[in-house]
Amino acid sequence: MKKIFCAAFLLASFSSVAQDSTLIRLRIHAMTLRGVHFNNFNLFTFGGQKNNLQLGLYNAITLDKTVLTGLYHQRPEQLSFQLPYNNSVLKLQFTKAHILDNTKFIIADVAGEHEVPDYEKGVFYHGIIEGINENSFATLAVFSNSIKIFISYRGKNIQAGSIDDKQLESSDYGVFGELPGNNDAMPVMCGTAAPADAARVSVSQQYTLSPASINTYSGRVIRAFFDCSYDFYLHYSSSTAQCYNRISAMFNQAALCYANETINTSIAEIRVWTVTDPYTHNTRDNGLATFKDYVRDNYTGDLAMLCDWQPTNNSGLADGIAVLCQAWSNVTNGPYIYNDMNYNNYFINFPVAADAPDVYLMIHEMGHVLGSAHTQWCGWPGGAIDNCFTTEGGCPGGPTPVRGTLMSYCCLSSIIGIDFNYGFGPLPGNAIRTHINSVACLTNISTVCDSSLYLQGNISNTDYTVFEAHNSIIAQTNLSASANVIFDAGKIIDLKPPFLAPAGSKFRALNEGCGGIYRQSFIPKKL
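These lines cover the structure that appears in this document, whether it is placed above or below. (Residues numbered from 1 in each chain as written. Predicted model: local features only at pLDDT ≥ 70, side-chain atom pairs only at ≥ 80, totals over all residues. Heavy atoms only, no water.)

In this section: the environment of Tyr233. Position of Tyr233 relative to the elements: it lies in helix α5 (residues 230-235). Judged by its relative accessible area of 12%, Tyr233 falls in the buried class. Residues Tyr233 and Trp309 lie 76 residues apart in sequence; the distance between their C-alpha atoms is 8.6 Å. If sequence neighbours within four positions are ignored, Tyr233 has contacts with Ser238, Ser239, Thr240, Cys243, Val272, Trp273 and Thr274. (Helix = DSSP H or I, 4+ residues; strand = E, 2+ residues; numbered from the N terminus. Buried < 20%, exposed > 50% of the residue type's maximum accessible area, 1.4 Å probe, protein only. Contact = heavy atoms within 4.5 Å.)

Structure follows, in structure tokens:
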């Protein structure tokens, strides 16, 4: 019991530090301390800033297709490269993300539905900007002939991709972001077919988002089914591969947001309609109703999302809140979502698909199904969380946030906006984790933990890090005076010179190993 008390004391002492650092930042930093090698790829030749009437202001880059081919086939676990942005260079570090494990790729055509055996699926990564003492968010999607990058930091959204999203063989790429002349606000509206209900949105269970799982994600996984409408297929040059690429690249960004909240997600199936689909598209309500009635329980996954492309900009609609594991019924709500992905017209200088609003909408609508109401809902403890939109329930608005979280409508403000690094915030995040914990239909993924770890380098005063190994941890690290570290190995912890834990630092060594009492006591179960 003494060891549990020490671990609990440490966890409580530095919860504020843990909340300040995203999980992906902690994972990447832990890898560097372990001496993990990040393979560097010289993917781009920089062409300087350009400004023209069609594209606006952007950084021109040329993709080296030979290097891309090597990256696609090597598929390293970790990698790094540089990207120009606004008269500076961003150094990016990535680790592989597994979002397409056992995914089905389906075509619906005149002959019916059949699986595509020869689709060259992408390789996906989650990462950060190296060398900055703050949170950052980066995703990378690598395909056989193209690459897609999305970055969020300091309240800015940056993306890099082909100048023409439909001409993927081109090597002409651009880095687009919120530079002068580019629109910042995301006029995205969403809704739920059923209003928030205190009986459904559970905020009683509190979780400490401990970084003890920085080396792996384990527990329950949310598997998503995506249905691409015929209009979506037509927009992407009548190419099923482009549809698969677009959905998986967007989902990769959503998956990192959820992973930062210790929530596992993956794609179970993507279906593309290459003939007229059975849905009504004039409004989001009709789109959701016809989608729900057609799909019913006949899909692979835990939630189902129709991805549409309409000139009317129908936005998104979730069928209900906290509705995982609800079987289809024409009188009750279930895990169904309608999303219209056509928001490019709101980004006047984005020639490529504007990821920020589409990804936000995907994350947001999934968040409803997984258990959260809007932040402007009056049912949260203390009332509405922010004042970015008219409250739902008539209560006074909450405080004005610096940046908005993912279940807010702060996207409507060009001053506040949405910051992907802020995640869901404590109350919506806890509501989601509580609902995921409460249902019985989800798949569990096994824990993967290192057999042994060899650590070297410095652990700075911004870190709150837990290292776990089945057998041994050998450490030659220097802790700063305010570093916060736990080593947890099943057999041996060997502290070798020049290991140093100076006065003021917090250091604990436990011989429990992966999944021991410390993890069982202080990590949320089945996440």
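Our next topic: the nonpolar core. By size, the foremost hydrophobic cluster in this structure holds 70 residues, and its most contacted members are Phe226, Phe232, Phe251, Ile270, Met362, Ile363 and Phe420. Of the residues forming this core, the biggest block, 11 residues, is contributed by helix α6 (residues 240-259). Core analysis: the next-biggest nonpolar cluster, separate from the first, contains 29 residues, Ile61, Leu83, Leu90 and Ile149 among them. (Core = buried A, V, L, I, M, F, W, Y, C linked by side-chain atoms within 4.5 Å.)

Here, the word disulfide means a covalent bond between the sulfur atoms of two cysteines. A complete count under the given rule lists three disulfides for this structure. Bridging Cys325 to Cys441, the disulfide has an S-S length of 1.8 Å. Its torsion about the S-S bond being -75 degrees, the disulfide of Cys325 and Cys441 is classed as left-handed. Pair noted here: Cys325 is in the loop between β16 (316-318) and β17 (336-340) and Cys441 is in the loop between α9 (426-438) and β18 (443-445), with a separation of 116 residues, a long-range link. Between the sulfur atoms of Cys378 and its disulfide partner Cys395 the distance amounts to 2.1 Å. Because the torsion about its S-S bond is -90 degrees, the bridge between Cys378 and Cys395 counts as left-handed. Within this pair, whereas Cys378 is found in the loop between α8 (355-369) and α9, its partner Cys395 is found in the loop between α8 and α9, the two being separated by 17 residues in sequence. (Disulfide = S-S within 2.5 Å.)

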